[in-house]
Amino acid sequence: MAVRLGDVVRDTGRGKVGEVMGFIGPYVQVRPVGGGIEWDARPELLRPVSAAEALSANVSVANARSRGERL
């Protein structure tokens, strides 16, 4: 799967959902939905998320912010 900047993906190696922020060498830079520290992901471990998964990630961020949690 070829990912593009801005794609929301699941890193199956870490079990996390994030947004593609860039490419460095053989790695893809991924940032958690809603912000946070980027991590390097191996492209072969990334898969696109469904609309439901993307919505769930965004709702989780909104709920955390409403509770005053820092992301």
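This text follows the structure it describes.
Rules used throughout
- Residues numbered from 1 in each chain as written.
- Predicted model: local features only at pLDDT ≥ 70, side-chain atom pairs only at ≥ 80, totals over all residues.
- Heavy atoms only, no water.
- Helix = DSSP H or I, 4+ residues; strand = E, 2+ residues; numbered from the N terminus.
- Polar contact = N/O pair within 3.5 Å; in protein donor to acceptor, adjacent residues only side chain to side chain.
- Contact = heavy atoms within 4.5 Å.
- Pairing = 2+ DSSP bridges.
- Axes fitted to C-alpha atoms, helices over the stretch in contact; angles between N-to-C directions.

1. Here we look at the side chain of Asp11
- Relative to the assigned elements, Asp11 resides in strand S1 (residues 8-11).
- In terms of polar contacts, Asp11 uses its side chain to reach the side chain of Trp39, at 2.7 Å.
- Sequence-distant contacts of Asp11, that is, excluding residues within four places in its chain, are made with Lys16, Trp39, Ala41, Leu45 and Leu46.

2. Some thoughts on the sheet that holds strand S5 (residues 46-48)
- Here five strands make up an open sheet; going across it, the order is S4-S3-S2-S1-S5 and the pairing antiparallel. The sheet is open, and its two edges are formed by strand S4 (39-41) and S5, each paired on a single side. Between one strand and the next, the sheet's axes are offset by a mean angle of 50°, whatever the strand orientation.
- Pairing between strand S3 (residues 27-32) and S4: three bridges, direction antiparallel. By the bridge assignment for S4, Val30 is matched with Trp39.

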